[in-house]
Amino acid sequence: MEKLFKRIPRVGGESEKERLEGSSEGTIEPQHKAQAESVEKTPEISPEKAKKHEGHTPKFSWSIKPQGDQKAKPARSGKDEIPDGLWIKCAHCKELIYSKEFENNKKVCPKCGFHFRLGAYERVNVILDESSFEEINANLVTGDPLNFTTSTETYQVKSDQTRAKTGLNEAIVTGFGTLEGMPLALAVCDFNYLGGSMGSVYGEKLVRLVEQALERRVPLLAVSASGGARMHEGMFSLMQMAKTTAAFACLGEAGLPFISLLVDPCTGGVIASYASVADVILAEPGALLGFAGPRVIEQVTKQKLPPGFQTSEFFLEHGMVDQVVNRKELRPVIAKLLRLYETVVAQNEAREREVSYAG
Amino acid sequence: MPDKDKERKERDKDKKPAASGAWEKVLLARHVQRPHALDFINGLTKDFMELRGDRHFGDDAALVGGIAKFEDRTVLVLGNQKGRDTKENIYRNFGTARAEGYRKAFRLMQHAAKFKLPVLTFVDTGGAFPGKESEERGIAMALAENIMLMSRLPVPIVSIVTGEGGSGGALAISVADRLLMLENAVYSVASPEGSATILWRDVSQAPAAAEAMKITAPDLLGFGIIDGIVPEPTGGAHTNPNEMMAIAREYLLNNLTDLEDKYTSRGEAGIQSMLEARYQKYRRIGSWQELAEQSPEVGELSDILQANPSL
Ligand SMILES: [Zn+2]
């Protein structure tokens, strides 16, 4: 969301490219040099060819690429290197992984532990008890407050296309569910939808979730993977930072815990607002986390960034997150937190009730 | 006050406005002779006592603050401070503050809450500084914490965007009960150059981006994102700083007295309703549609949206 974010082409097959065309628009697309450089070597794939490829591409192929590791050389073309639907190649360690094993391992490479990105609903499944999720406000879609048009596109068309392409109505999915039987309000950001950027609907859905969590008196977990504020909605997007953060302030005043999980990549307006005001901040290993994207910093300051800069581990070292948690440990860790806060929440509720009777 | 505005308009009716299009306003907002935060603070208040340092790491000259008398009351003032020449700009880091600057602001706002001092902020920055040291010291967290603090700070907050309102770095000192903009100021989610690079893939399209992003005071007043426009002297704020101060004083005082009459003069209940009003002010901002339960085909979405323009 700062002045400095530049669109950088990314590596991958055609569908990957298309997806990212969308996602990088208007938000920070954090990238590492290795990936950016190898783009030039990637042959253009014609739409026809891409279509032909689709027939034997495993459905999860979109995620087979490295993120958050500066040294990693990504696969030149993710799809070509996948021999068939059964095996996939980890673009981080180059090892072949049996696709079932990869899925069972929650899209973490069993060989090197690399955490691949998850879509919003995949994330819901990783965190909540099976089929406990009840989504709210799924039908909220964006307006076009600026009537936004560039020389090549309009926001309306872009939104329609993104909805069709991702099957999502917005960059955030919100609702309620349980974790080890304990109730939890959950917001999950999807980086596939315009880079997980926060616009009006993102802000509104999140605030509605917070307000309902207040009513139901349940803790809230927000999983954020976002490039920041959505450019296409201009100042409406920037103001969502204040709107959402104010709602979380109220959640805190009511004594309800807020847990923030930062996943790859999270930069700009989301990490500079609600996602950083949580009572407990967790991060997945190897995620790119920071205010400005690394390219922006290098451009503005002409400083070369050291390896591992702006990773989850860097955040931990600099005191910005409480813990870096492996994906397979997420459920137990969050469950532990919920248990630790359970009595506190109950006490606060009793106190609030007393106050309201007294008043 | 409207009378004075009318007088000014009458007097200057034959003069050409200082800026017409959005891009002209951007250039004017960045004009090196434009009054900066310390000019406003010194021009509008008495006995300004600068308070420095974040008590953790250091002092950031790009973001200044302190206490001062504004029309018989002690207030807390904060502002992004730019320089006028290279040397001063290096000292002020071109008005782009690091984490320690925002943490100083945080400390001073807590000070304001403790002593029940109204907060006046002067916003003029291209954004928070996107440097290595900013990341190392948690700039994202510093901005976030300021935004949260301001959203619930139990004293009146009046902010004026005097020049450039640049993104999160501007927001982190301008979550306010009253957010005003000088006539030629701009406030944007990303700079026109940044927007042009991202959306047009061409930095030379910055003027087009400035138009499309709707960043001027009249645009934002129309959206309900800001609460008022402070007129500038006809040639722009820098052409007549004394008149600029006189106008800014009127607007600040009016807004502040209004908040005091409505809220802070009414004890704890008044403060609670001020916080509620502040919450609702931001709560309302946005543009969205509720789709019917049965999701329509994608092709129709545009038609639906067109038929129901929100806001
Ligand atoms: Zn691997």
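Quick caveat: nothing in here was measured; it's all calculated off a predicted structure.

What counts, and where the lines are drawn
- Residues numbered from 1 in each chain as written.
- Chains lettered and ligands numbered in written order.
- Predicted model: local features only at pLDDT ≥ 70, side-chain atom pairs only at ≥ 80, totals over all residues.
- Heavy atoms only, no water.
- Helix = DSSP H or I, 4+ residues; strand = E, 2+ residues; numbered from the N terminus.
- Rg over C-alpha atoms; globule rule 2.2 N^0.38 Å.
- Buried < 20%, exposed > 50% of the residue type's maximum accessible area, 1.4 Å probe, protein only.
- Contact = heavy atoms within 4.5 Å.
- Areas by Shrake-Rupley, 256 points an atom, 1.4 Å probe, with all protein chains shown as cover.
- Lys, Arg positive; Asp, Glu negative; His and termini not counted.
- Charge placed at Lys NZ, Arg CZ, Asp CG, Glu CD.
- Polar contact = N/O pair within 3.5 Å; in protein donor to acceptor, adjacent residues only side chain to side chain.
- Buried area = accessible area lost by both parts, 1.4 Å probe.
- Salt bridge = Lys/Arg side-chain N within 4 Å of Asp/Glu carboxyl O.
- Axes fitted to C-alpha atoms, helices over the stretch in contact; angles between N-to-C directions.
- Parallel < 35°, antiparallel > 145°, perpendicular 65-115°, else oblique.
- Nonpolar A, V, L, I, M, F, W, Y, C, P; charged D, E, K, R; others polar.
- Pairing = 2+ DSSP bridges.
- pLDDT = per-residue confidence, 0-100.
- Donors = N, O, S within 2.8 Å, 3.2 Å for Na, K, Ca; no water.
- Tetrahedral: all angles 85-135°; square planar, octahedral: opposite > 155°, others 65-115°.

*Asks:* How do you make sense of the overall build of chain B when you look at a structure like this?
*Replies:* Counting secondary structure elements, chain B contains 14 helices and nine strands. Computed over C-alpha atoms, the radius of gyration of chain B comes to 20 Å, within 12% of the 19 Å expected from 2.2 N^0.38 for 311 residues, which places it in the range of a compact globule. Its C-alpha atoms give chain B principal-axis dimensions of about 65 × 50 × 50 Å. For chain B, with 311 residues in total, the buried portion stands at 59%. Pairs at least 24 apart in sequence give 70% of the contacts found in chain B among residues at least 6 apart. Accessible area of chain B: about 12,500 Å², with a carbon and sulfur share of 52%. For chain B, the distance from the average site of its 39 positive side-chain charges to the average site of its 44 negative ones is 5 Å.

*Asks:* Mind showing me how you'd approach the side chain of Arg217(A) here?
*Replies:* Residues and elements named next belong to chain A. Assignment of secondary structure puts arginine 217 in the loop between α7 (200-216) and β7 (220-224). In terms of polar contacts, arginine 217 uses its side chain to reach the backbone carbonyl oxygen of alanine 254, at 2.9 Å. Ignoring sequence-local partners within four residues, the contact set of arginine 217 consists of Ala254, Leu256, Val345, Asn348, Glu349 and Glu352.

*Asks:* Please clarify how the interface of chain B and chain A should be interpreted in this entry.
*Replies:* Accessible area lost during the coming together of the parts is what is often quoted as the interface size. Taken together, the contact between chain B and chain A spans 67 residues of the former and 75 residues of the latter. Of the roughly 6,100 Å² buried where chain B meets chain A, counting both sides, 66% is carbon and sulfur surface. Here chain B is connected to chain A by four salt bridges. For Arg283(B), the salt bridge is made with Glu211(A), and the minimal N-O distance between the two is 2.8 Å.

*Asks:* What should I look at first to understand the packing of α7(A) against helix α8 (residues 234-253) of chain A in this one?
*Replies:* To characterise two packed helices, one gives the angle between the axes of the helices and the distance between these axes. All names here are of chain A. Relative orientation of the contacting elements α7 and α8 amounts to 10 degrees, with a least axis distance of 9 Å. Between α7 and α8, the interaxial angle falls into the category roughly parallel. Residues Ser200, Gly203, Glu204, Leu206, Val207, Val210, Ala213 and Leu214 of α7 pack against Phe236, Gln240, Lys243, Thr244, Ala247, Phe248, Cys250 and Leu251 of α8. Of the residues that constitute the contact of α7 with α8, the class distribution is ten nonpolar, four polar and two charged.

*Asks:* Looking at this structure, how should I read the pairing of strand β4 (residues 119-125) of chain B?
*Replies:* The two faces of the sheet receive side chains in turn, since in a regular strand these alternate between them. All names here are of chain B. β4 sits mainly inside the fold: seven of its seven residues count as buried. Taking every second residue as pointing to the same face, both faces of β4 are buried, with Val119, Thr121, Val123 and Thr125 on one and Leu120, Phe122 and Asp124 on the other. Two strands pair when backbone bridges link them, and strand β3 (residues 73-80) and β4 are joined in this way by four bridges, in the parallel orientation. Following the sheet pairing, valine 77 is matched in β4 by leucine 120. Sheet analysis places β4 next to strand β5 (residues 157-166), joined by six bridges and oriented parallel. Bridging from a neighbouring strand, threonine 125 pairs with glycine 165 of β5.

*Asks:* What is the right way to look at the confidence of the model for chain B in this model?
*Replies:* As a note on interpretation, predicted positions should not be read in detail where pLDDT is low. All names here are of chain B. Across chain B, pLDDT averages 92, with 93% of residues at or above 70. Low pLDDT, under 50, characterises residues 295-311; the predicted model gives this stretch 24 contacts beyond four residues in sequence or across chains. Scored by ipTM, the complex comes to 0.92, with pTM at 0.85.

*Asks:* Please explain the side chain of Asn93(B) as it appears in this structure.
*Replies:* Residues and elements named next belong to chain B. Relative to the helices and strands, asparagine 93 resides in the loop between α4 (86-91) and α5 (99-115). By relative accessible area, which is 12% here, asparagine 93 ends up buried. Apart from the residues lying within four places of it in its own chain, the contact partners of asparagine 93 are Ala62, Arg98 and Phe129.

*Asks:* Looking at this structure, I do not really get the coordination of the zinc ion. What am I missing?
*Replies:* Tetrahedral coordination by four donors places them ideally at 109.5 degrees to one another around the metal; octahedral coordination by six donors ideally gives 90 or 180 degrees. Residues and elements named next belong to chain A. Of the protein atoms, only Cys90 (SG), Cys93 (SG), Cys109 (SG) and Cys112 (SG) coordinate the zinc ion, at distances of 2.3 to 2.4 Å. Each of the four donor atoms bound to the zinc ion contributes to angles spanning 106 to 117 degrees, and the resulting shape is tetrahedral. Counting the intervening residues between successive donors of the zinc ion yields the motif C-x2-C-x15-C-x2-C. You can call cysteine 90 buried: its relative accessible area is 0%.

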